[in-house]
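Structural overview for review
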Amino acid sequence: MNKKYEYIIIGQGLAGSAMAWRLYFNNKSFIIIDSQAKFSASKAALGIYNPITGRKNIKTWNAETLFKELGTFYKKVEKSLEIKILYEKDIYRPFNNNKDVNDWDTRLGNNKYKKYLKKIDKNGIITKGSGYLDVKKYLKETKKYFECQGRYKINNIKNEDLVNKNNNIVIEGYNFEKIVMCRGINEKKMNLFSEIPLTPVAGNSIKIKSNHFSDYILNKGVSVFNFTKKKLFAGSTYDNGYINEGTSHLKKKIKKVINKEFKSLKSYFGIRPASRDRRPLVGKHDIIDNLYIINGLGSKGVSQSPYCSKELFDYIEKNKKINKEINIDRFKS
Ligand SMILES: Cc1cc2nc3c(=O)[nH]c(=O)nc-3n(C[C@H](O)[C@H](O)[C@H](O)COP(=O)(O)OP(=O)(O)OC[C@H]3O[C@@H](n4cnc5c(N)ncnc54)[C@H](O)[C@@H]3O)c2cc1C
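The structure reproduced in this document is the subject of the present report.

What counts and what doesn't
Residues numbered from 1 in each chain as written. Predicted model: local features only at pLDDT ≥ 70, side-chain atom pairs only at ≥ 80, totals over all residues. Helix = DSSP H or I, 4+ residues; strand = E, 2+ residues; numbered from the N terminus. Rg over C-alpha atoms; globule rule 2.2 N^0.38 Å. Buried ≥ 20, exposed ≤ 12 C-beta atoms within 10 Å, placed from the backbone. Contact = placed C-beta atoms within 7 Å. Pairing = 2+ DSSP bridges. Core = buried A, V, L, I, M, F, W, Y, C linked by C-beta atoms within 7 Å. Expected span 1.5 Å × (residues − 1). Arc of directions from axis to C-beta. Near = placed C-beta within 6 Å. Nonpolar A, V, L, I, M, F, W, Y, C, P; charged D, E, K, R; others polar. Axes fitted to C-alpha atoms, helices over the stretch in contact; angles between N-to-C directions. Parallel < 35°, antiparallel > 145°, perpendicular 65-115°, else oblique.

Moving on: the overall build of the chain. Regarding its fold elements, the chain presents eight helices and 22 strands. For the chain, whose C-alpha radius of gyration is 20 Å, the value lies close to the compact-globule estimate of 20 Å for 333 residues. Each of the three principal axes of the chain carries a C-alpha extent, and together these read 65 × 40 × 40 Å. Across the 333 residues of the chain, 41% fall into the buried class. Look at the contacts in the chain between residues 6 or more apart in sequence, and 73% of them connect residues 24 or more apart.

Okay, structure coming up:
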């Protein structure tokens, strides 16, 4: 007889990793299955978390709650793994024109923005409350940690592997109670959650070598930050759909922002799993009793995944309601 698990998690990107750690911290038994896709959104992610985002510099949805959870969660992971993965870094946003100056003046009249202000002068603004997660290290070390405990298998779970037996999913060779789908954009190709509006947003990022050094994350059309004295991570591009547009456009922007020569070290590509209303997609399947999902993390997987795993865990184990803004039920007709 196979070992019995309370949970099986399919997919180990940011969503699946957050769910796994959530279960681990709460002493639940689980196994993760991941296909080790060469390209995934998480593998391409810069890892930035930032309370004021987008072209219009808007405060992130639910920022206080998300960021409080993020800090506690990744610090607990760091402690378990005995490594550092979370780095606080302020963001420097140079002004392009007078409109930028005026827009920031208006924003700073509002306390919800003012609390993130570190410094402002005629050239730009420095905001705080941001930083980055070393996503590659987080994914790699999480895999290693759970693999050593026999909680990890490499396997590509196809539609035909998922058998509906009396409104419960079973997979041959695995003995489990509940299944949590964390397959990112790949979920769209499956037929289990066809009602949720998952949309693909392709993107590129790049690691470069340059003499440019800054303590800040530099944000001007692109985001660039040093992860060592001479190495920087930069991105990202946003293209609706699945097409890899390459990094030439991104490189031009980087050149403009850092104003120094650089050498490309490695480029990355991934498809963000976004949703129509730009909120995560968390919940239980309509009909199948043991089937759950965390998806729709869009461009904010680092800050949203810890909160989403908590909402799902509390729903399943503590009978709490999932925040209706992220519950997949909102798309029920
Ligand atoms: C260029 C780029 C830059 C980004 N920068 C940031 C950033 O700075 N900050 C931020 O917060 N977010 C960023 N994001 C967004 C972030 O990457 C996503 O929100 C997040 O990675 C989504 O995670 P996920 O686990 O849902 O999906 P994914 O990362 O796609 O993970 C899905 C996993 O499931 C596995 N899988 C899929 N199908 C199967 C199957 N059938 N069987 C088994 N396993 C399967 C895959 O192998 C993969 O490991 C960026 C994204 C891109 C593309």
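This paragraph deals with the sheet that holds strand E10 (residues 131-133). The pairing of strands in a sheet happens through backbone hydrogen bonds and is either parallel or antiparallel. The three strands are arranged E3-E10-E6 in an open sheet whose pairing can be described as antiparallel. Each edge of the sheet is formed by a strand with only one pairing partner; in this case those strands are strand E3 (48-49) and strand E6 (86-88). The pairing of E6 with E10 spans three bridges and is antiparallel. When the sheet's bridge partners are listed, Tyr87 is paired in E10 with Tyr132.

In this section: the environment of Ala37. As for its position among the elements, Ala37 is in the loop between strand E2 (30-34) and helix H2 (41-44). Residues Ala37 and Lys189 lie 152 residues apart in sequence; the distance between their C-alpha atoms is 14 Å.

Before going further, it helps to spend a moment on the nonpolar core. Counting 81 residues, the largest nonpolar core has Ile9, Met19 and Val180 as the members making the most contacts within it. Residue contacts for Ile9: discarding those within four places in its chain leaves Gly16, Met19, Ala20, Phe30, Ile32, Val180 and Cys182.

Let us look at helix H8 (residues 301-318). For an α-helix the count is 3.6 residues per turn, leaving residues at separations of three or four pointing the same way. Counted at 1.5 Å a residue, the expected span for H8 with its 18 residues is 26 Å, and the 24 Å between its end C-alpha atoms agrees. Counted residue by residue, H8 has 13 buried out of 18 residues, so it is predominantly covered. Positive phi shows up at Asn319, right after H8, with a value of about 60°.

What follows deals with helix H3 (residues 63-81). End to end, H3 covers 26 Å across 19 residues, agreeing with the expected 27 Å (1.5 Å per residue, within 8%). Of the positions making up H3, those classed as buried are Leu66, Phe67, Glu69, Leu70, Phe73, Tyr74 and Val77. Along the axis of H3, the buried residues cluster in a sector spanning 160°; they form a single face. Facing away from the buried side of H3 by more than 90 degrees, the exposed set consists of Lys68, Thr72, Lys75 and Lys79.

Glancing now at the site of the ligand. Around the ligand sit 44 residues, and of these Gly11, Gly13, Ser42, Gly184 and Gly301 come closest. Of all the elements in the fold, those that place two or more residues in the shell around the ligand are helix H1 (14-25), E2, H2, E3, strand E15 (198-210), strand E20 (262-275) and H8. Of the residues contributing to the shell around the ligand, the split by class is 17 nonpolar, 23 polar and four charged.

Right, let's talk about the environment of Ser17 for a bit. On the secondary structure map, Ser17 appears in helix H1. Taking the number of C-beta atoms within 10 Å as the measure of exposure, Ser17 has 28 and is therefore buried. Note: C-alpha distance between Ser17 and Ile32 (15 residues apart in sequence) is 8.6 Å. Once residues lying within four places of it in the same chain are set aside, the contact partners of Ser17 are Gln12, Tyr138, Leu139 and Thr142.

Moving on, we come to the pairing of strand E14 (residues 175-181). The buried fraction of E14 amounts to five of the seven residues, a majority that puts the element mostly inside the structure. For strand E1 (residues 4-10) and E14, the ladder comprises six bridges, and the chain directions are parallel. The residue bridging Ile9 from the neighbouring strand is Val180, located in E14. Note that E14 and strand E22 (residues 291-295) share three bridges and pair parallel. Among the inter-strand pairings, Ile179 is bridged to a residue of E22, identified as Leu291.

Moving on, we get to the packing of H3 against H8. Relative orientation and spacing of two packed helices are given, respectively, by the angle between their axes and the distance between those axes. Running from N to C, H3 and H8 point in directions that differ by 90°, and their axes come no closer than 8 Å. Judged by the inter-axis angle, H3 sits roughly perpendicular to H8. On the side of H3, the interface is formed by Thr65, Leu66, Phe67, Glu69, Leu70 and Phe73, while H8 contributes Ser303, Gln304, Pro306, Tyr307 and Lys310. Here the contact of H3 with H8 is composed, by residue class, of six nonpolar, three polar and two charged.

Here the focus is the sheet that holds E22. In space, the six strands of this open sheet follow the order E11-E2-E1-E14-E22-E21, with mixed pairing throughout. Both outer strands of the open sheet, strand E11 (152-154) and strand E21 (281-284), are each paired with one neighbouring strand and no more. Within the sheet, the average angular offset between the axes of one strand and its neighbour, ignoring direction, is 20°. With four bridges connecting them, E21 and E22 associate as antiparallel partners.

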